[in-house]
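Here are the chains, one letter per residue:
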Amino acid sequence: MRILLFLFFVHLLLNASTINLDEILTAVQKEHPMAKSLQEIDYAHKNQNQAISSREAAQLNIQNSYANPKFNKAEHEYDIGVTQNITLPSVKKNIAQANSYKNEAQMLELKYNFALLQNDIALLYHNSCLDKTNLSNFSQELKSFEELYTKKAKAYEYKEISKKELLELSLELERLRNEHKQYKNVLLSSRSRLQSKVLLEYFTDKELSCNDLNPFVKELEVDNQNQTLIEQSFDKKIKSYQSDARRYNNSFDSFTLGLSYAKEIDLNKATVSLSIPLNFTASVYEQSRSEALHNQSAASYDKEAYMLEKKADIELLQKELSFDFESIEAQKGIVKKYEDELLPLAKTAYLLGENSAIEFLLHQREYLKLKAELTTKHKKYYQTLFELLSVAQIKE
């Protein structure tokens, strides 16, 4: 029972020290500065929309004067009044809608940029995991060669191999150890790049799980009917310009009511006033309406261009993904033949004295080079994959 409890706590400890991609992205969506900025902008937009929909403030007018007429005694006069500008409900509705659609379009573009950030994080996570695997594999190769060198060093002591052969092995061991340091530096660098995107402190002491990488597939199905965030943004812009255009359709869009009371030396009077701007007498309203309609047309053409470009990009990236997959499969076949057949034969021939150390070392270097090239091809595949996801599948 105690053993089971011990193993359970060890399991919890190990899990607590690792983090997978979903956990990273969930934390980014909640805690990243860009996520918090999006939330604040959303609050700001809501308050702005409420302000635009609210009634305008009334204006209080007070005037005081001192009059000294010829035939009456001098006295103070005053005038007090209140004016209120009232926008027609239909016009106010169009103004509010235009602003709301404009804000929504901006938010969609910001969300698109945030989605791109998350895609970048996912790509960097995959690259860092590949570098981690690369280092682990190379460490095994280094350990295996160190064991071989130890055996050959003893053989040299018994005069079974020449000093030249031991020196060749020693130089190769030094080269491998130096290359091993480079692999460590590559991993540190890729992890730093990931950290620079995530920007969460607690993430720094976590090991990447790396058991959730996207599988390599030759074809990725993409639904071209899915509206991306950018397409939705274009739709909101078009609606915003439509509301702007409707806002300038009226002969007048507002009026001002006034109520005042004036006390003069020989007269007291109350006044009710109504002021109506005649929009049709000024060309600015028609020009503003024309501007909105032209902006609407421009946004429609921009959306059309974006969709055509998106379609072309998806087709191109799908082809590249297929080519990358085929390249990986071909490289894997070559690496496997080296690993299962050629390298063991070369090592056996060397140990039996049938081949020189240089021949064996050349085969081993070629094998390590092929494995490094395979990792590069893996990275190229993921670069294409996440670019394709960015173009085709980023949607709200």
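Here is what the cut-offs are and how they apply
Residues numbered from 1 in each chain as written. Predicted model: local features only at pLDDT ≥ 70, side-chain atom pairs only at ≥ 80, totals over all residues. Heavy atoms only, no water. Helix = DSSP H or I, 4+ residues; strand = E, 2+ residues; numbered from the N terminus. Rg over C-alpha atoms; globule rule 2.2 N^0.38 Å. Buried < 20%, exposed > 50% of the residue type's maximum accessible area, 1.4 Å probe, protein only. Contact = heavy atoms within 4.5 Å. Areas by Shrake-Rupley, 256 points an atom, 1.4 Å probe, with all protein chains shown as cover. Salt bridge = Lys/Arg side-chain N within 4 Å of Asp/Glu carboxyl O. Axes fitted to C-alpha atoms, helices over the stretch in contact; angles between N-to-C directions. Parallel < 35°, antiparallel > 145°, perpendicular 65-115°, else oblique. Left-handed = near helix turned anticlockwise from the far one by under 90°. Nonpolar A, V, L, I, M, F, W, Y, C, P; charged D, E, K, R; others polar. Expected span 1.5 Å × (residues − 1). Core = buried A, V, L, I, M, F, W, Y, C linked by side-chain atoms within 4.5 Å. Phe/Tyr/Trp six-rings, centres within 6.5 Å; stacked < 30°, edge-to-face > 60°. pLDDT = per-residue confidence, 0-100. Lys, Arg positive; Asp, Glu negative; His and termini not counted. Arc of directions from axis to C-beta.

**Student:** Give a description of the overall build of the protein chain that names residues and reports values.
**Tutor:** Each helix and strand counted, the protein chain has eight helices and six strands in total. When the helices and strands of the protein chain are placed in sequence order, the string is α-β-α-α-β-β-α-α-β-α-β-β-α-α. Computed over the C-alpha atoms, the radius of gyration of the protein chain is 37 Å, more than 25% above the 21 Å expected from 2.2 N^0.38 for a compact globule of 396 residues. Taking the principal axes of the C-alpha coordinates as reference, the protein chain spans close to 140 × 50 × 50 Å. Across the 396 residues that make up the protein chain, the buried fraction comes to 34%. For the protein chain, contacts bridging at least 24 residues in sequence account for 81% of all contacts bridging at least 6. Of the roughly 24700 Å² that the protein chain leaves accessible, carbon and sulfur atoms contribute 55%.

**Student:** Give a detailed account of the pattern of salt bridges, specifying residues and quantitative values.
**Tutor:** Per the stated rule, a full pass over the model turns up 18 salt bridges. One salt bridge in this structure joins Arg175 and Glu172, with 2.8 Å as the shortest N-O distance. Separated by three residues within a single helix, Arg175 and Glu172 lie in helix H5 (residues 163-198), roughly one turn from each other. Between Glu172 and Arg365 there is a salt bridge whose closest N-O contact spans 2.5 Å. Placement of the pair is Glu172 in helix H5 and Arg365 in helix H8 (residues 357-392), with a sequence separation of 193 residues. Judged by relative accessible area, which is 37%, Arg365 ranks as partly exposed. Taken together, the salt bridges that share partners define one network made up of Glu172, Arg175, Glu179 and Arg365.

**Student:** Describe in detail the packing of helix H2 (residues 21-31) against helix H4 (residues 89-157), supporting the description with residues and values.
**Tutor:** Packed helices, taken two at a time, are described by the angle between their axes plus the distance between the axes. Running from N to C, H2 and H4 point in directions that differ by 150 degrees, and their axes come no closer than 11 Å. Between H2 and H4, the angle falls in the class roughly antiparallel. When you trace H2 past H4, the crossing you get is right-handed. Counted together, Leu21, Ile24, Leu25, Val28 and Gln29 of H2 and Phe114, Gln118, Ile121, Ala122, Tyr125 and His126 of H4 form the full contact between these two elements. Partitioned by chemical class, the residues of the contact of H2 with H4 number eight nonpolar, three polar and no charged.

**Student:** Lay out unusual backbone geometry with the relevant residues and their values.
**Tutor:** The backbone of Lys159 sits at a positive phi, close to 65 degrees, despite the residue not being glycine. With phi around 65 degrees, Cys210 is a residue other than glycine that occupies positive phi space. Mapped onto the secondary structure, Cys210 falls in the loop between strand S4 (207-208) and helix H6 (229-247).

**Student:** I'd love a proper account of H6, names of residues and values included.
**Tutor:** Taking 1.5 Å as the rise per residue, H6 with 19 residues should run 27 Å; its terminal C-alpha atoms sit 27 Å apart, in good agreement. Taken as a whole, H6 has its buried residues at Leu229, Ile230, Glu231, Gln232, Ser233, Phe234, Ile238, Ser240, Ser243, Ala245 and Arg247.

**Student:** Which residues make up the nonpolar core, and what are the values?
**Tutor:** Taken as a class, soluble globular proteins show a tendency for nonpolar side chains to be buried jointly. Of all hydrophobic cores here, the largest spans 59 residues; its most connected members are Ile24, Ile121, Phe145, Val198, Phe203, Leu208 and Phe360. Among the secondary structure elements, those contributing two or more residues to this core are H2, helix H3 (33-53), H4, H5, helix H7 (283-351) and H8. Discounting residues that sit within four places of it in the chain, Phe360 has contacts with Phe145, Leu148, Leu343, Ala346, Lys347 and Tyr350. Within the second largest apolar cluster, seven residues are counted, among which are Tyr112, Leu229, Ile230 and Tyr306.

**Student:** Pulling in residues and values, what's your account of the packing of aromatic side chains?
**Tutor:** Within the structure shown, the criterion is met by seven aromatic pairs. Between Phe216 and Tyr381 the ring centres are 4.9 Å apart and the planes differ by 65 degrees, which places this aromatic pair in the edge-to-face class. Residue Phe216 is found in the loop between S4 and H6, and its partner Tyr381 is found in helix H8; the two are separated by 165 residues along the sequence. Exposure remark for Phe216: the relative accessible area of 29% places this residue in the partly exposed category. A relative accessible area of 0% means that Tyr381 is categorised as buried.

**Student:** Describe the confidence of the model for the protein chain, and please don't skip the residues or the numbers.
**Tutor:** Per-chain confidence: the protein chain averages 87 in pLDDT, with 91% of residues scoring 70 or above. Here helix H1 (residues 2-16) is the element of the protein chain with the lowest mean pLDDT, 43, and H5 is the one with the highest, 95. Note that pLDDT drops below 50 for residues 1-15; the model gives that stretch zero contacts with residues more than four away or on any other chain.

**Student:** Pulling in residues and values, what's your account of the packing of H5 against H8?
**Tutor:** Direction vectors running N to C along H5 and H8 enclose 15 degrees, while the axes themselves pass 10 Å from each other. Overall, the two elements H5 and H8 adopt an arrangement that is roughly parallel. Note that H5 runs across H8; the crossing there is right-handed. Side by side, H5 and H8 meet where Glu165, Glu168, Leu169, Glu172, Arg175, Leu176 and Tyr183 of the first sit next to Ala357, Ile358, Leu361, Gln364, Arg365, Leu368 and Ala372 of the second.

**Student:** I'd like a description of the side chain of Asp131, backed by residues and values.
**Tutor:** By the secondary structure assignment, Asp131 is in helix H4. Beyond its immediate stretch of four places on either side in the chain, Asp131 contacts Val186, Leu187, Ser190 and Lys379.

**Student:** Explain the side chain of Glu141 to me, using residue names and the numbers behind them.
**Tutor:** The residue Glu141 is located in helix H4 in this model. No salt bridge is formed by the buried Glu141, whose closest oppositely charged neighbour, Lys371, lies at an N-O distance of 4.4 Å. Aside from chain neighbours lying at most four places away, what touches Glu141 is Tyr367, Leu368 and Lys371.

**Student:** Describe H3, listing the residues and the values that go with them.
**Tutor:** In a regular helix each residue adds 1.5 Å, so 21 residues correspond to 30 Å; H3 covers 30 Å between its end C-alpha atoms and thus fits that length. Within the sequence span of H3, burial applies to Ala35, Leu38 and His45. Take H3 and look down its axis: the buried residues cluster within an arc of 70 degrees, on one side only. Within H3, the exposed residues directed more than 90 degrees away from the buried face are Gln50 and Ala51. Of the surrounding elements, those touching the buried residues of H3 are H2 and H4.

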